[in-house]
Structures are given as structure tokens and as C-alpha cells.
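Next come the chains, spelled out residue by residue.
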Amino acid sequence: MRQRPAEVEGADVNRGRTSRHRARVRPGVAIWWDAVSSGRFFTPWSALVAVPVSAIVLVPYATVDTPLELLSAQFSGLLVAGILAVALLPVVLAERRIPSSTARGVLVLAALVAAAVARPFLNDALAVGAFGLGTDPAWSERIVTNVVAWVSVLSLVAVTEQLYVSSRTARTRLADALRTVTDEQRRAGRYERDTREFLTSEISALRTALAALVASPLDFERVRGFSDGVRSVSHRARDRAGLELADISPDDAGPSAIETARTVFERLRPPAPGLVGVIFAAGSAPFALRTEGPVFAAVLIVGVLALCLAVDRLTRGIACRSSAPRRGRRLVGLWLGAGIVVAAAAAVLVGEPSFIPVIPAIALPGIAIVAALCAEAIHRGRVETRRLGRALQALVRSAADQTSSTRQNLAHASDVLHSRVQSTCVILAARVDDEIATPGDIRDFELAISAGLTDALGTRRPGAARAADLAETVAIWRPVLTVSSAVDPAATVAMSDALVTTRVVAVVAEGLVNAVKHAAARSADIEVRGAADGASLSIRVRTPGRLRSDAGAATGLGLAGLGPSARVFQNGRDVVLEASVPVGGRRVIDGQGRGALHDSDSM
């Protein structure tokens, strides 16, 4: 049966929603697997979090009746944590030495699950044998709770640490590059200022020589002497236009900003909606199912998820209106309140005096805080690398444009002096060689030379200088990266169009920023080739490095501004950025060549 248009449209909408959901889920899974298989899943931070989880959250409170028994159970949990830590040491050493990331991830997960399964038995053996506590026969529920708790909590810790490390590495590389490019910008500023002073001084000297020339009797030798002076200034301007920035001393650097350390509360950001509730409900469900049956367990899960989603909504609303420290304090307060609510509900359900309500009172806010640290690590990594990437691109563009403008001014001055001013001198010299110049000739000569000198100085040049080309941009990057570029003849011809050059430079700049972020080896290869039909240019920037696992989640950034053809991918040991640029009078697609000039965080 044929579908009606409305049904087809509805199906397309549902497929679109599913695709967007998968697009959001896949980066999260990639981030998690990257942390699990990184070779540094078990770290001192893992041990630091494992201690309170073992000694406070996962204690068998069902067999505890007195404060002394509570302390004994907690001490027993702490001893078991130490035993398991020693047992996992070979895994810790092995994951740092195994070359295959897949093998590392499988080893870590297998060891983690095995430790979680063994923990209830070890805990009971020690608690009963050494401290005389009662045994809790709910083995399946305890095993499931341990597996859920350890896999989720330690994964959050590992993800947080890995993202902090990777973002800190990327920020350090970008900041180093920014400092280097800042030096280049200071050189460009010095070059521009010295050039302005050079042209002003030389043109002023030529004006003085012109005044002396027209004030004295004109003859061929005098005019030729003035013309030689003009030619000398023209040659010096041309030579200055070819100076390398590396040969110019930079201006003095200003005071650098000092980054202040952030407090713990400033490092907290509302986690993904539902994450805390799902983890806590998964860990609580086995005991609820065993205690009161499936109906009660379902009601408990729905209630916990609803409460956690409400807290998620509140924390997100507060985050939009609060400073970072206040946001963190309110987040902790709200989740502590949620933990107390769940603890009170647990106390009512248990009925008799018990230490069981202690678990949600500590576990729920604890999971939320770890998840909030993880969320802030992801957010800060993206925001900081994006900010530094933008600053780096802007600084490179500014230095390249400033240098290009200075070279163009010098070349323009040289051309005007060589062609226009010297030609006027040659015409007058030929006239005075044959006959005496009339006052009108002298006045016309003086006005023509004066106008030429004004034009050479650039005070009446119409329009703005052309933006820096690819070669000038690459030259600014060279102190940061070893850059090789290959441009075929068709691309060279196409880039005579200033707009095409601007788009190509935007793509290359995006790729070079990514090279700084992802590559410890500072090198990049640039290829610009014309398409067979001549309608576009293909740009590829290849750099050694590894694409961050959360790169796919960074939509709407620099890559999006490069147009629909742009893509970034891992190719062996290289990160590759590819994009195409339209040539000629073709329409700019999806903001290409405009948005690309302003954003940077495609990877």
C-alpha cells in the first residue's frame, strides 16, 4: 500500500530525530571508549574515588544494627578496597604497555567487572570472619549493584581525567602557538611602523630636494640628479618590500595575563539530563526488586528518574543565571537535597531503624558531583580550545594582512616613484636639455612630482589593501609549524581572485589550527588543486596526530563555516581536513568564505 505524503513526511521526521539522537549518542560512547582504552583508566584519581565508594556507599548496611557494627563494616569495605587495588596492579601495569587500544579496553572492562563481582564475597568473608558481622545473602543484587557502581563511577572519573588532560594539552599547544604568533604580529607591527617612518622620511627628503630643484636654474644634470635620488628611494622601497619578518626585531611584549586557579565549585557544571538518575536507578533497582517485587521496583525507578530530571532542570535553569562559583554551590545543594529526599523515602519504606538510607544520601549527590566534573571537563575543553583557536586564527590573519599591506604599500611606492615620478623627470630633463624650461613647465613639473610623491606615500590611495595571500599566511605560521605547500597551476590562476584566495586561506588556517591542537610533531602538508571542470578548488591539510574522540560533537564551529563539502577525519596516523572552494562567479554555499573566517574548533 502506498504511503500518503503526510505519512512519508512523518516517517522522515522520525528518521531525522533518530539520526540526531544517534549523532548525540555516538560522541558520548566514543569519549567513554577512548577513556576506557586510553591506557590510563586506573589512576590515583580512581583510587581516591574508590575509597569513599567502598567504605561508605557500598557497605552492606542491611546487616548493620549498631554504630560499632557500622564502623566495622566500613573498615571492612576499606580493607577490601585495598585488597582489590593490589590485585588490580598487574592490570594497571599491563594497560600502560599493551599497544592495542582494543585489547586495553577489553582488559580494563574484564578486570573491572571481575573485581566488582568478587567484591561482595570478599566483603562478606572479611566482615563475617574478622568482625563477626552478619552475612547478606542477596548475592545477585549486590553483584549487579557493584558492577553498575564501579563501571559507571570509575568511567566518569576516567572520562573526566582524560578530557582534562587532552584539553589541557590542546590548550597548552594553542597557547604556545599564540605566543609565537604574537611575536610575529609584533614583528609585523614593527615592520609597518618602520615602513611608515621610512616612506615619510624619504618622501620628505624628496620634497625638500624638489623645492631646491625648482628654486634654482634647471638644467639636465640637476634634473637627472633629482631623478637618481628618486630611483634610489624606489629601489630601497622595493628591497624593504622583500624583507623577511624573521629579520625584523619585534616590538616589546606587553604584560601577560595571569590565569587564576579555579575553585572546586567553579569546576562543576550540570551533567547531561537523566545521567545521574539512570546510574542511581540502575544501582538501586536490584535491591528494590528483591525487597518488594517488580511493581515496587518500577515505581521506585520512575520516582527516582522523575526527581533527578526535576533537579537536572533546576540546575540548568540556575546555571543560566548564575556565576560559576554560585552555580557550583547551588548544584551541590540541590543534589544534596535530592539525596536527602530519597534517603527519607528509603527510611519510610524500610520502616525499622536502619543505616540503609545513608546510601542514597551520599551516593546520589556523589554521582552528581562526579558527573558535573565530567560535564565541566567536556565543556571547558571545547570552549577554551575554541577560544584559543579563534584567537590564533585572528592573530595570524591580522599579522599576515598587516605584513601584506605593508609590502603592498612599499611596492606601490616603488612603482609610483619608478614609473610616474621618474617618467616626469625624464620628460623635463629632455626638455631642458634642448631649451630653457618656462615657468609654466616648472610649475607643471612641480605639481606632477608633488602629486606623485603624495601617491607614493599612500595618503590618497583608494580602497583597502588586498588581504594576505596563501604564501604570506603560511609564512606567519612557519615559526609555529613546519609547513609544506603544493599548489597546482590551475589553483594558482584561480587564486588571482582575491575572494577565492580568502576562502582558501580560511580553510588552510582551520587545518593549521587543528594541526597545533592534535599534533605533538609540529608539521603540516597543504595541497591546493583545481577540479577537472575548473569550477572549484580542492584543499587538503594533512598533519600527524590523533583526532579527539569528542570532535564529532563539536558541530557549528569552524568546520561548519567552511561549507558542506568540508570534512575532517583520521587517515592512519594523520588528521586530514578537506574542503572545496568555488571558483569564479559561482554562488557562495552555506556561508563559505564568511563564517569560516571567524570560527575554529572543528576537531
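Just above, that's the structure.
All values derive from a computational prediction rather than experimental measurement.

Novice: Explain the overall build of the protein to me, and be specific about the residues and the numbers.
Specialist: Tallying secondary structure elements over the protein gives 15 helices and 5 strands in all. Looking at the protein as a whole, 45% of its 603 residues are labelled buried. Roughly 29500 Å² of accessible area belongs to the protein as shown, and the carbon and sulfur atoms make up 61% of that amount.

Novice: Could you give an account of the environment of Ala338, with specific residues and numbers?
Specialist: Counting through the fold element by element, Ala338 comes out in helix H10 (residues 324-350). Setting aside chain neighbours within four positions, we find Ala338 in contact with Leu307, Val311 and Leu364.

Novice: Account for the sheet that holds strand S5 (residues 574-582), naming residues and giving values.
Specialist: Pairing is mixed in the open sheet, where 5 strands are placed in the order S1-S2-S3-S5-S4. This sheet does not close on itself; its edge strands, each paired only once, are strand S1 (482-487) and strand S4 (567-571). Strand after strand, the sheet turns through a mean of 20 degrees between neighbouring axes, direction not considered. In terms of strand pairing, strand S3 (residues 536-544) meets S5 through 9 bridges, oriented antiparallel. Following the sheet pairing, Pro544 is matched in S5 by Asp574.

Novice: Mind laying out the pattern of salt bridges, listing which residues take part and the relevant values?
Specialist: All told, the structure shown has 17 salt bridges when counted by the stated rule. Across the pair Arg269 and Glu376 runs a salt bridge whose closest N-O atoms are separated by 2.9 Å. Taken together, the residues span a long stretch of sequence, with Arg269 in the loop between helix H7 (220-241) and helix H8 (275-292) and Glu376 in helix H11 (residues 358-434) at a distance of 107 residues. Overall, Arg269 belongs to the partly exposed group, its relative accessible area being 22%. Residue classification places Glu376 among the buried residues on the basis of a relative accessible area of 4%. With a shortest N-O distance of 3.2 Å, Arg567 and Glu578 are connected by a salt bridge. Separated by 11 residues along the polypeptide, Arg567 in strand S4 and Glu578 in strand S5 bring together distant segments of the chain.

Novice: Lay out the side chain of Glu95 in plain terms, naming residues and giving numbers.
Specialist: Note on placement: Glu95 falls in helix H4 (residues 89-95). Judged by relative accessible area, which is 1%, Glu95 ranks as buried. Among the polar contacts made by the side chain of Glu95, one reaches the main-chain amide nitrogen of Phe41 at a distance of 3.2 Å. Residues in contact with Glu95, not counting those within four places in the same chain, are Gly39, Arg40, Phe41, Phe42, Arg104, Leu107 and Val108.

Novice: Hey, could you go over the nonpolar core for me, with residue numbers and the actual values?
Specialist: Core analysis: the biggest nonpolar cluster contains 75 residues, and Leu392 and Trp477 have the highest contact counts within it. It is H11 that provides the largest number of residues to this core, a total of 15 residues. The residues contacting Trp477, other than those within four sequence positions of it, are Leu392, Val396, Val483, Ala509, Leu512, Val513 and Val516. With 52 residues, the next largest nonpolar core counts Val91, Ala115, Leu156 and Ile279 among its residues.

Novice: Can you break down the packing of aromatic side chains residue by residue, with the values?
Specialist: Applying the stated criterion to the full structure yields 3 aromatic pairs. Directly above the aromatic system of Phe198 lies the positively charged group of Arg240, at a separation of 5.3 Å from the ring centroid.

Novice: Report on the packing of helix H6 (residues 139-215) against H11, specifying residues and quantitative values.
Specialist: When two helices pack together, their arrangement is given by the angle between the helix axes and by the axis-to-axis distance. Packing of H6 against H11 leaves a shortest axis separation of 7 Å and a crossing angle of 15 degrees. One element, H6, and the other, H11, form an angle in the roughly parallel class. Handedness of the crossing formed by H6 with H11: left-handed. Taken together, the residues of the contact of H6 with H11 break down into 33 nonpolar, 13 polar and 7 charged.

Cut-off values and rules
- Residues numbered from 1 in each chain as written.
- Predicted model: local features only at pLDDT ≥ 70, side-chain atom pairs only at ≥ 80, totals over all residues.
- Heavy atoms only, no water.
- Helix = DSSP H or I, 4+ residues; strand = E, 2+ residues; numbered from the N terminus.
- Buried < 20%, exposed > 50% of the residue type's maximum accessible area, 1.4 Å probe, protein only.
- Areas by Shrake-Rupley, 256 points an atom, 1.4 Å probe, with all protein chains shown as cover.
- Contact = heavy atoms within 4.5 Å.
- Pairing = 2+ DSSP bridges.
- Axes fitted to C-alpha atoms, helices over the stretch in contact; angles between N-to-C directions.
- Salt bridge = Lys/Arg side-chain N within 4 Å of Asp/Glu carboxyl O.
- Polar contact = N/O pair within 3.5 Å; in protein donor to acceptor, adjacent residues only side chain to side chain.
- Core = buried A, V, L, I, M, F, W, Y, C linked by side-chain atoms within 4.5 Å.
- Phe/Tyr/Trp six-rings, centres within 6.5 Å; stacked < 30°, edge-to-face > 60°.
- Lys NZ or Arg CZ within 6 Å of the ring centre and 35° of its normal.
- Parallel < 35°, antiparallel > 145°, perpendicular 65-115°, else oblique.
- Left-handed = near helix turned anticlockwise from the far one by under 90°.
- Nonpolar A, V, L, I, M, F, W, Y, C, P; charged D, E, K, R; others polar.

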